[in-house]
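Now for the letters of each chain:
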Amino acid sequence: MNKKTIEDIEVNGKKVLVRCDFNVPQDENGNITDDRRIEAALPTIKYLLDNNAKVILCSHLGRPKGEFNMKYSLAPVAKRLSELLGFEVKLAKDVVGEDAQKLAGEVEEGKAILLENVRFHAEEEKNDAEFSKKLASLAEIYVNDAFGTAHRAHASTAGVADYLPAVAGYLIGKEIEIIGNALNNPQRPFVAILGGKKVSDKIGVIENLIDKADTIIIAGGMTYTFLKAQGYSVGNSICEEDKLELALSLMEKAKQKGIKLLFPVDTVCGTEFSNEADVCTVKSTEIPDNWEGLDIGPESSKLFIEELKAAKTVMWNGPVGVSEFEKFANGTIAIANCLAEIDAITIIGGGDSAAAIEKFGLADKMTHISTGGGASLEYIEGKLLPGIECLNNK
Ligand code: AMP
């Protein structure tokens, strides 16, 4: 990475503003149901504490839409951080107001405080210069470690870097190194599995991977747009009629580049989008009227697993079926189990495929599970991420 990191700057005794992604899921009583995002921020926070920095943490949580709304308070995060760090991480009552200024002014070396939810101010998402300046005035150094929001140009993810020396934390460093290496210098064969709902969400990803991967497996809801484009009927399956031409042009481009594009050969169909649906398994080219394709069939799993077993690098983004429904989760389970077993670099994009891997208890068998769904997709598309671009070059 050509960006400076926390190890490239003197933090001893300095006030350091750290943008984390503490956007953790909570139950209806505000209890954190999954604290992985907090855990993922710990290496950076601990490095700063061990090096006597005065740490000022900030993050967004949910969508409070620019207003103070205690439903989206970071109080549960402050509590969890206090448990993990072994001292009280005080939570400021505001973001850049009197209380934030007071706590940021008083924070001791080797200790951390947390500002309230940056999205309590509409200026955050507008990347407002005055708001960025106010945030910056709380500290002497800015560290961005929020990979999950690195694709957003907001005040706390990018704007603040205009006013402070700005460096990357370990999490951003790790994401960029692992995903970047796989894209730019992969151990081959490099196989990408793209599932999920729509082709339109993944066009950029497919285009960029056609230049980089050896094989692209297209599965999930995207399949049917490609099948329809080739003239097959897809019943009630999800299909983007306005992307048929595009699907054909992507296939043509892959052919020209000598990239193998693999599609499911069989499909598990349901009578409705529900776990209660009646089910049948058919050839992918013979989906009957009134049925919709909701998972890959066993022959497809076998075909894809053969390909994956020979791979040295695998990138997976998007479930290959509606894995939320038990009846249509078999394909996703088969792919996940295969990735857990193969001797390859396995990278799981954030979002639904990461959630599936977690649900199946296979997370520790993967090389890397990205903490950013949207951010990792944009990075794989080859886009520049504002939260990374804003950091100082080495
Ligand atoms: P994405 O956010 O694009 O990765 O899409 C994830 C969603 O795609 C999941 O909620 C899956 O239920 C959905 N999905 C996967 N396969 C299908 C399918 N065959 N038909 C409809 N939705 C699907």
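Data block above holds the structure.
Residues numbered from 1 in each chain as written. Predicted model: local features only at pLDDT ≥ 70, side-chain atom pairs only at ≥ 80, totals over all residues. Heavy atoms only, no water.

1. Let's talk about the overall build of the protein chain
For the protein chain, the count of helices and strands is 14 helices and 15 strands. The globule rule puts the C-alpha radius of gyration for 394 residues at 21 Å, and the 23 Å found for the protein chain is close to it. Counting only C-alpha atoms and orienting by the principal axes, one finds that the protein chain spans roughly 70 × 45 × 35 Å. Sorting the 394 residues of the protein chain into buried and exposed places 54% on the buried side. Within the protein chain, contacts between residues at least 6 apart in sequence are counted, and of these 73% link residues at least 24 apart. Positive and negative side-chain charges in the protein chain, numbering 44 and 60 respectively, have mean positions lying 3 Å apart. (Helix = DSSP H or I, 4+ residues; strand = E, 2+ residues; numbered from the N terminus. Rg over C-alpha atoms; globule rule 2.2 N^0.38 Å. Buried < 20%, exposed > 50% of the residue type's maximum accessible area, 1.4 Å probe, protein only. Contact = heavy atoms within 4.5 Å. Lys, Arg positive; Asp, Glu negative; His and termini not counted. Charge placed at Lys NZ, Arg CZ, Asp CG, Glu CD.)

2. So, helix 2 (residues 75-85)
Buried within helix 2 are the following residues: V77, A78, L81, S82 and L85. The buried residues of helix 2 occupy an angular sector of 140° when the element is viewed end-on, so they sit on one face. Looking one or two residues past helix 2, G86 carries a phi angle of roughly 80°, positive in sign. (Arc of directions from axis to C-beta.)

3. A few points about the side chain of N117
Relative to the helices and strands, N117 is located in the loop between strand 4 (111-114) and helix 4 (122-126). A distance of 2.8 Å separates a polar atom in the side chain of N117 from the backbone oxygen of L61. A polar side-chain atom of N117 sits 3.0 Å from the main-chain carbonyl oxygen of Y72. Among residues more than four places away in sequence, those in contact with N117 are S59, H60, L61, P64, Y72, L74 and V95. (Polar contact = N/O pair within 3.5 Å; in protein donor to acceptor, adjacent residues only side chain to side chain.)

4. Regarding the packing of helix 6 (residues 170-184) against helix 13 (residues 373-380)
Where helix 6 meets helix 13, the closest approach of the two axes is 10 Å, and the angle between their N-to-C directions is 35°. For the pair helix 6 and helix 13, the crossing hand works out as right-handed. Across the interface between the two elements, I176, I179, G180 and L183 from helix 6 touch S376, Y379 and I380 from helix 13. The residue makeup of the contact of helix 6 with helix 13, split by class, is five nonpolar, two polar and no charged. (Axes fitted to C-alpha atoms, helices over the stretch in contact; angles between N-to-C directions. Left-handed = near helix turned anticlockwise from the far one by under 90°. Nonpolar A, V, L, I, M, F, W, Y, C, P; charged D, E, K, R; others polar.)

5. Side note on the site of the ligand
Near the ligand you find 16 residues, and of these K197, G293, G321, E324 and D352 are the closest. Interatomic distance of 3.2 Å between a backbone N/O atom of K197 and an oxygen atom of the ligand. Note that an oxygen atom of the ligand is positioned 3.4 Å from one of the side-chain N or O atoms of D352. In isolation the ligand offers 510 Å² of accessible surface; the protein chains occlude 86% of this area. (Near = heavy atom within 4 Å. Areas by Shrake-Rupley, 256 points an atom, 1.4 Å probe, with all protein chains shown as cover.)

Nothing here speaks to function; it is geometry throughout.
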